[in-house]
Amino acid sequence: MLMNRLLTQTAIAAALPTLLLACSPQATTDTDPNAQSDPAEDTTAAAADGEGELTIRANGEDFVRQGFVTKDGWQVDFDHVYVTLTDITAYQTDPPFDAETGGVPKATETVVISETVTVDLAEGDDSAEPILVKSVEAPAGRYNAFSWQMMPAPEGPAAGQTIWMQGTAAKEGETIAFVMKLDPELAYVCGDFVGDERKGILEASETADLEATFHFDHLFGDGEAPADDDINTGALGFDPLAAIANGNTLDVDMAALEAQLTPEEYQTLMGILPSLGHVGEGHCEETQLVDS
Amino acid sequence: MKLFGSALRSSLYQLGMMAIAIGGLPMAALAHGAHIQARTATAMEIQANYDSGEPMAEATVQVFAPDDPQTPVYTGLTDADGKFVFVPTAPGDWEVSVRQAGHGDIAVVPVESEGAIASTFTNDAGLTLLQRGMVAGAVTWGCVGTALYFGQRGKNRAHS
């Protein structure tokens, strides 16, 4: 009797995976910047499982640190790329927020840095680390969503501008020294960081990073990518800017760009700005674009 | 982390694991012998597409188990059709990172106790009708398959 029961149980156990797999398609074998107001960060909710240090960084990637060739053949090198961030918010969301589908993060924990901070993405050498924005004490947990707003800097070297780009563009013996001053108000809502490593996983008494990543190749295109690639077909490039330069100098703000670019070129520029913000390689949802 | 499924499903899962374990026992302990053992397991197939519907061929995939979001348990490339197959070995939220040339996304796929995608899981929000149809087709065809869509900007240039 005991042997029969054992045999029956063994047969059921052996057959069960096959039953469970009946509809499976495949099986595998084993196989600091310039803080411009008093710090005002605040956190919500008490830390149930301790706290750690959450560091916010901004990254212009190698395009800003090392320069690059635009889609129309200009070698662009940056001296300064100032961006001004405010209302920086890190979320622990459940369910995980997906920027591709949009909506509002459902947060179980929120950390807000309400101060306005301007950083220079071109600071440091070619191999510089992403730029420190702010570090705060934060409850431990998974920060899998991240948002920030961008606004004109209230003071400092980029005062009055949201994005201040200064550098040179060179092509076929011609060099243009440029300053582009853009003052739109932008807001990005993003999901989990996508990159070589995970970010935002904060253990008690440990540190973790979150990163606001800016893809400036969206604006100028990428000479290393095919001309018909989306990154280039959607980009403004530098030719339209060279065309409105005053000799070897281009110093323009949004009003000058609107006045001097063609309407199509200006609309292209305005359409690109909401796509600059990322979390590593992950896309963000742009929720605001106001031309100040 | 979330656990899905009833106690019954949990029991079935344990029985299934027991069956796998039984199937995995060597039939005989032979010295210096080489053994190749096959077993069946519930696999999850990921179909990664750009939002245009174009498959993400040879994209980098990392799969993170529910209990360790830092270290991928599976890594590899999608095939020419944008597909990648892995075996979720425990219930919970499995995270699948798919990246190609500077852009990508992380999808969270809830796995129930018997290894199937949770019936409440949908990943077709914001998709076109065509894409919704492809998602439904993938799930119907595969039972445990799912299609994920990713933005296409800058797909030919890796960022740092």
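Since this is a predicted model, take the numbers as computed values, not measurements. (Residues numbered from 1 in each chain as written. Chains lettered and ligands numbered in written order. Predicted model: local features only at pLDDT ≥ 70, side-chain atom pairs only at ≥ 80, totals over all residues. Heavy atoms only, no water.)

**Brief notes about the overall build of chain A**
Of regular secondary structure, chain A possesses 7 helices and 18 strands. Here chain A holds 292 residues, and 52% of them are scored as buried. For chain A, the exposed surface amounts to about 12,400 Å²; the carbon and sulfur share of it is 48%. (Helix = DSSP H or I, 4+ residues; strand = E, 2+ residues; numbered from the N terminus. Buried < 20%, exposed > 50% of the residue type's maximum accessible area, 1.4 Å probe, protein only. Areas by Shrake-Rupley, 256 points an atom, 1.4 Å probe, with all protein chains shown as cover.)

**A few points about the nonpolar core**
Within the largest apolar cluster, 67 residues are counted, with the highest numbers of intra-cluster contacts made by A:Trp148, A:Met165, A:Phe214 and A:Leu257. Setting aside anything within four residues of it in sequence, one finds A:Leu257 in contact with A:Met180, A:Leu182, A:Leu241, A:Ile244, A:Val252, A:Tyr266 and A:Leu269. If you look at the next biggest cluster of nonpolar residues, it comprises 17 residues, including B:Ala48, B:Tyr50, B:Ala65 and B:Val98. (Core = buried A, V, L, I, M, F, W, Y, C linked by side-chain atoms within 4.5 Å. Contact = heavy atoms within 4.5 Å.)

**Some remarks on the pairing of strand 11 (residues 163–171) of chain A**
Residues and elements named next belong to chain A. Where strand 5 (residues 75–93) meets strand 11, 8 bridges bridge the pair, whose relative direction is antiparallel. Bridge pairing in strand 11 places Gln75 opposite Ala170. The pairing of strand 11 with strand 12 (residues 174–182) spans 9 bridges and is antiparallel. If you follow Ala170 over to strand 12, its bridge partner there is Thr175. (Pairing = 2+ DSSP bridges.)

**What about the state of the cysteines?**
Joining two cysteines, a disulfide is a covalent bond between their sulfur atoms. Residues and elements named next belong to chain A. With the rule as written, the count across this model stands at 1 disulfide over all chains. Covalently, Cys190 is tied to Cys284 through a disulfide, its sulfur atoms 2.1 Å apart. Between Cys190 and Cys284, the S-S dihedral sits near 100 degrees, and the bridge is therefore right-handed. You can see Cys190 sitting in strand 13 (residues 184–190) and its partner Cys284 sitting in strand 18 (residues 282–291), a full 94 residues away along the chain. (Disulfide = S-S within 2.5 Å.)

**Observations regarding the pairing of strand 10 (residues 145–150) of chain A**
All names here are of chain A. In terms of burial, strand 10 is largely enclosed, as 5 of its 6 residues are buried. Pairing between strand 5 and strand 10: 5 bridges, direction antiparallel. Looking at the pairing, Ala90 lines up with Phe146 of strand 10.

**Considering the side chain of B:Gln62**
Within the secondary structure layout, B:Gln62 lies in strand 2 (residues 60–64). Sequence-distant contacts of B:Gln62, that is, excluding residues within four places in its chain, are made with A:Gly195, B:Pro72, B:Tyr74, B:Thr75, B:Glu95, B:Val96, B:Ser97 and B:Arg99.

**Focus: unusual backbone geometry**
Peptide bonds are mostly trans, and most non-glycine residues show a negative phi. All names here are of chain A. Of note, the bond from Asp94 into Pro95 is cis; its omega dihedral lies within 30 degrees of zero at 5 degrees. Among the structural elements, Pro95 can be located in the loop between strand 5 and strand 6 (107–113). Backbone geometry at Glu61 places phi at a positive 60 degrees, although glycine is not the residue there. Classification of Glu61 by relative accessible area gives buried; the value is 1%.

Geometric values such as these leave the question of function open.
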